[in-house]
Amino acid sequence: MKKLFFLLIPVVFFTAACGGSNQAESEPAADMAPMTESAATPADEGVAISLVSPEDAALPMGDAELVLQVMDPATGDPVAVENLQVDLSMSMDGMEPMTTMALVEPGEETGQYKVMTNLGMQGMWMMEVTSADPAMQGEATFNLEVK
Ligand SMILES: [Cu+2]
C-alpha cells in the first residue's frame, strides 16, 4: 500500500503543474502578437503558413488531424514545400515542455498538409511549423486549445 502511495505523488504533481501553466496561457492576446508582426513583413518571412482546420484552433483531447496551408505571401497562391516540420509542445511550470509525435503528409490540395497527432492533455498547446525547404523557408506558430 505504501508503494502505491509513493507512485501516485509524481502524477498528482504533474497534473498540478500543468493546470497552473494552462491558467497562465489562457490569455491568447499576448501569444498572438508575434504572428501579427510576421504578417506585416511577408517579404522577409518566406512562405506564409496558416491553419485551415480546425478554424478556431480548438480541438478535443486525443487523436487529432489538423490541416495547414502554405502560401506565397506575395501572391496568395498555394505552394508545395519539400519538407514541412511540425513540433507540438505544452509548456509546464518548472518542467521540460511536454511533447507529442506529429505525422505530416500532403493534403488533398496544393500546399495543404495534414498533421496527425495525439494531444493527450487538456490546455494550451503550441504548434511550431517550419518549412525547411531551402528555396521556400518559413515558419509559423499556432496556439491550440485542447478541451
Ligand atoms: Cu501537459
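Calculation criteria
- Residues numbered from 1 in each chain as written.
- Predicted model: local features only at pLDDT ≥ 70, side-chain atom pairs only at ≥ 80, totals over all residues.
- Helix = DSSP H or I, 4+ residues; strand = E, 2+ residues; numbered from the N terminus.
- Contact = placed C-beta atoms within 7 Å.
- Pairing = 2+ DSSP bridges.
- Axes fitted to C-alpha atoms, helices over the stretch in contact; angles between N-to-C directions.
- Core = buried A, V, L, I, M, F, W, Y, C linked by C-beta atoms within 7 Å.
- Buried ≥ 20, exposed ≤ 12 C-beta atoms within 10 Å, placed from the backbone.
- pLDDT = per-residue confidence, 0-100.

Visitor: Help me out: how do you make sense of the overall build of the protein chain in this one?
Guide: A tally of regular secondary structure across the protein chain gives three helices and nine strands. The linear arrangement of helices and strands in the protein chain, starting from the amino end, is α-α-α-β-β-β-β-β-β-β-β-β. Sequence separation of 24 or more characterises 61% of the internal contacts of the protein chain that already satisfy a separation of 6 or more.

Visitor: I keep staring at the pairing of strand S6 (residues 102-106) and nothing clicks. Help me out?
Guide: Both S6 and strand S7 (residues 112-119) contribute to a ladder of five bridges, which runs antiparallel. From the neighbouring strand, Val 104 faces S7, where its bridge partner is Val 115.

Visitor: I would appreciate a short explanation of unusual backbone geometry in the present structure.
Guide: The phi angle of most residues is negative, glycine excepted, and most peptide bonds adopt the trans form. In this chain, Ser 53 is followed by Pro 54 through a cis amide linkage whose omega measures -5°. Position of Pro 54 relative to the elements: it lies in the loop between strand S1 (48-53) and strand S2 (58-59).

Visitor: Would you mind showing me how to read the sheet that holds S7 here?
Guide: Where strands meet in a sheet, backbone hydrogen bonds hold them as pairs that are either parallel or antiparallel. Pairing is antiparallel across the open sheet formed by four strands, whose spatial order is S1-S3-S7-S6. On the outer flanks of this sheet lie S1 and S6, each paired with one strand and no other. Geometrically, the sheet is characterised by an average inter-axis angle of 30° between neighbouring strands, direction not taken into account.

Visitor: I'm lost on the nonpolar core in this one. Help?
Guide: Nonpolar side chains in soluble globular proteins tend to end up buried together. Counting 20 residues, the largest nonpolar core has Val 47, Ile 49, Leu 68, Val 70, Trp 125, Met 127 and Val 129 as the members making the most contacts within it. Every element with two or more residues in this core is listed here: S1, strand S3 (62-71), strand S4 (84-92), S7, strand S8 (123-131) and strand S9 (138-146). Ranked by residues supplied to this core, first place goes to S8 with four residues. Ignoring anything within four residues of it in the chain, the contact list for Val 129 reads Ile 49, Leu 68, Leu 84, Val 86, Glu 139 and Ala 140.

Visitor: For this particular structure, what's the right way to read the environment of Pro 60?
Guide: If you trace the backbone, Pro 60 turns up in the loop between S2 and S3. Separated by 85 residues in the primary sequence, Pro 60 and Glu 145 have C-alpha atoms spaced 8.3 Å apart.

Visitor: Honestly, the sheet that holds strand S5 (residues 95-100) in this entry has me stumped. Any pointers?
Guide: The strand order S2-S9-S8-S4-S5 describes an open sheet built from five strands, whose pairing is mixed. The open sheet is flanked by S2 and S5, the only strands paired with a single partner.

Visitor: Whenever I open this one, the environment of Glu 55 confuses me. Can you help?
Guide: With respect to the secondary-structure elements, Glu 55 resides in the loop between S1 and S2. Take Glu 55: there are 8 C-beta atoms within 10 Å of it, and that puts it in the exposed class. For Glu 55 and Val 67, which are twelve residues apart along the polypeptide, the C-alpha to C-alpha distance reads 9.3 Å.

Visitor: What am I meant to see in the confidence of the model for the protein chain here?
Guide: Fine structural detail should not be taken from predicted coordinates in areas where pLDDT scores are low. Residue-level pLDDT values for the protein chain average 81, and 69% of them are 70 or greater. Low confidence marks residues 5-16, where pLDDT is under 50. Its contacts with residues over four positions away, or in another chain, come to zero contacts. Across residues 19-43, where pLDDT falls below 50, the model places 18 contacts with residues more than four positions away in sequence or in other chains.

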